[in-house]
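Residue-level structure breakdown
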Amino acid sequence: MNLKSYNTRDIISDFFNQNPWYKPDVWYGNELEVAKGSRRLLNPSRNKINYSFSKNSYIKNEIKYYFGQSLNDSLYSVITIFEGKAHHLKRLLKFIDRYYPHKKTILDIPKDELMIEYTKFLVGNGIKVKFIKKNNGTAVTAPISLMSTFYDYIYNAFDLTPECDKDIWDGTKLPIEIDYTNTSTKKLKFTKVNQNHRQLVKKYLRTRVVELKNLTFSIGFRYIHELSIFLNFLNDEYPELFIKDLERKHIVAYLKLIKSKMILDKTQRKKIKATNVYISTNLSIVRKFLVDLKVLDWKEAPTQHIEALFLPNDNPRRTKSESFDNPKYIPDYIWDQVVDNIHLIGERYVPIILIMEGSGFRGSDVLGLKINCLEKDNKGDYWLVGDQRKVNYKNHKVPISEELAKVVMSQQEVCKQNSTPENNPEEFLFVSYHGQRRGKPQTTSTLSRVLREFAEKANIKDVNGEIYRFKNHAFRHRYGVTLINNGMNIVHVQRLMAHASPEMTLAYAKIHDQTLKEAYFEAKSKGGVKFNIEGALVKTDIDKQAIENDLELEWIRHNYDSIRMDHGMCIKSNKMKCDYAEKVLEPPCIANNCRSFHVDGSFIDYYRFQITALEKDIQIYEKNGHIRSLQFANKKIQNYRKILNEISGKGSLNGMQKERREYIGEERENNVKQKS
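Described below are features of the structure shown in this document.

The rules behind each value
- Residues numbered from 1 in each chain as written.
- Predicted model: local features only at pLDDT ≥ 70, side-chain atom pairs only at ≥ 80, totals over all residues.
- Heavy atoms only, no water.
- Salt bridge = Lys/Arg side-chain N within 4 Å of Asp/Glu carboxyl O.
- Buried < 20%, exposed > 50% of the residue type's maximum accessible area, 1.4 Å probe, protein only.
- Axes fitted to C-alpha atoms, helices over the stretch in contact; angles between N-to-C directions.
- Helix = DSSP H or I, 4+ residues; strand = E, 2+ residues; numbered from the N terminus.
- Parallel < 35°, antiparallel > 145°, perpendicular 65-115°, else oblique.
- Left-handed = near helix turned anticlockwise from the far one by under 90°.
- Contact = heavy atoms within 4.5 Å.
- Nonpolar A, V, L, I, M, F, W, Y, C, P; charged D, E, K, R; others polar.
- Pairing = 2+ DSSP bridges.
- Core = buried A, V, L, I, M, F, W, Y, C linked by side-chain atoms within 4.5 Å.

On to the pattern of salt bridges, then. All chains considered together, the criterion is met by 23 salt bridges. Notably, a salt bridge pairs Asp245 with Lys244, separated by 3.4 Å at the nearest N-O pair. A relative accessible area of 34% places Lys244 in the partly exposed class. One continuous salt-bridge network, built from bridges that share partners, spans Asp25, Lys60 and Lys64.

Here the focus is the packing of helix H7 (residues 195-211) against helix H8 (residues 217-237). Orientation of H7 relative to H8, taken along the N-to-C sense of each, is 155°, at an axis distance of 11 Å. As judged from the angle between their axes, H7 and H8 are roughly antiparallel. The two elements H7 and H8 cross, and the hand of that crossing is right-handed. In this structure, H7 contributes Asn196, His197, Val201, Tyr204, Leu205, Arg208 and Val209 to the contact, and H8 contributes Phe217, Gly220, Tyr223, Ile224, Leu227, Leu231 and Asn235.

This part covers the packing of helix H5 (residues 111-124) against helix H6 (residues 142-158). One can describe the packing of H5 onto H6 by two numbers: an axis separation of 10 Å at closest approach and a directional angle of 160°. With respect to H6, the element H5 is oriented roughly antiparallel. Crossing angle aside, the handedness with which H5 passes H6 is right-handed. Here Lys111, Leu114, Met115, Tyr118, Thr119 and Leu122 of H5 lie close against H6, whose contacting residues are Pro143, Ile144, Met147, Ser148, Tyr151 and Asp152. Broken down by class, the residue content of the contact of H5 with H6 amounts to eight nonpolar, two polar and two charged.

The next point concerns the sheet that holds strand S11 (residues 393-400). Taken in spatial order, the three strands make up an open sheet running S9-S10-S11, and their pairing is antiparallel. The open sheet has two free edges, formed respectively by strand S9 (374-376) and S11, since each of these has just one partner strand. Adjacent strand axes in the sheet meet at a mean angle of 35°, parallel and antiparallel pairs treated alike. Relative to strand S10 (residues 382-388), S9 runs antiparallel, the two being bridged by three bridges.

Further remarks concern the nonpolar core. Membership of the largest hydrophobic core comes to 91 residues, with the highest contact counts inside it found for Leu290 and Phe470. Among the elements that make up this core, the one with the highest residue count is H8 (nine residues). Not counting chain neighbours up to four residues away, the residues in contact with Leu290 comprise Phe230, Ile243, Leu246, Pro302, Ile306 and Phe310. Counting residues in each nonpolar core, the second largest holds 44 residues, with Tyr100, Tyr118, Phe121 and Tyr153 among its members.

What follows is the structure, given as structure tokens:
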């Protein structure tokens, strides 16, 4: 640690001179400068913090600095300090007086040692140090948390060691971009790597994350974890071995270890044998590390060729997860429930969810949007602009609806009214203005929790009648599936969604195929009707009509969307020209008794609506004496009522023979005569 001996005390002294109300050993919360104008006063019994009994004035002043600066920076409120944290302060200061009375800064004590001794002290005094969370995990109690956060705050404020020389890197202090929406990867910890190899791993991560920027900070977290397993294995089993002297036999021994490793299955909450995916990921990272050492021409690089160390069969074949080929997306019936109950989501999160659904941006990328994320082109169309961090696309643009643009504009107005250079220096669209995350966007984990609570509160049910489990990424999948279902070219979808490869986009196309099949089978189950040669309606089904028209059933299933019209389906070969395409009577397939026309029960609502509308038109025509219009309307409503009557009884509409489909004009008539 590179601390100047006078630095801590001088900065704290300057702080007290600028904020004199923090200097006394007794604080009265309601009288502090930051409490003025507060809507709520502290309870008289909680209005006082007394530091005067503490013998170690140095660490006492560091505590006062920590609390005072946190209040000034809005990391904590007066309520939080006086009614929450101060409750555990007396115990903390007594511990310091007993065990470290002469230390001139808390940073003179290694944190690991401090936390172990303080834990023992609390347990010895009958104070709990851990508690069980709702999800059966554990967390530290408030007294432990206070000591830890206090130490970290002073360390971050006063430690002058270059960040890349530390054993724990704070990403916010490095010249890189940080995903503030993910709290789990804010720091890179090298403490699990053995001392013999730690500097090499730090040098490697500094090169890739900070200098070359070809590895994200969050992925660096995974690299440290996997490399620590490999390098700790070498250190334990071959303590005299240098990496440059690696041989195939060392890799073989490591393979045996990694393939027998037990890992935690988070879903089942138990240890299981390492999966192929886990082994493959580990070996890929280890191999990449060794390859890079050779590419960078570092002295530690293996002298043997990487191909001689790793053989193709070492890395188990990774099978795609079921979720990759069948991504979970939010179906329409769930989204309808969301819209109906959206008032039950906190107003802070409504625009986030609407933008996720309407833009296809990943949840983290929506949360990372900046205030100036909305553009309008010269045609008056709106575009959402933001970074796609996962694939490192900067300023990715997608077109959005005017309605969604208004949602963005509304949130922009909220930001303009509340943002200052202090509470939103990076101008995030969704930002925390107070607390420990002041100036940073909401987190994806918080969004997941909000959606989970919303599903329970709104009683949103899946097809099995169970509470629906929202996944943030499912909104993005919904966007992709919707584009494909609406007929967008798959290449355009890939570009619009910033997919690095077409594989994910193809998964959406598979969902589209499944959607078509489901719609087809639903239509088949409803039965249907068609026109016969005399123009009368007869019952049929979609399979029978397809066979009569010499159409493959698989073609019908796959092209279900293209054969479906507003008023029915066209079961016609694409080889055959439509006889009625140029007819002006509406709709020509009904007016001309087309036998390639098919109607089933899914069109009941359409015909009910049309009949109601026609009845109103007929009244107007009769009143105004429009005889010709009245004739057409009566003919039309007669046909519509006939169709509705048939499909209400689970009937449907059918097609024509092969010779009538594939020939036109004289050819058709001649062929029909020959057949007869």
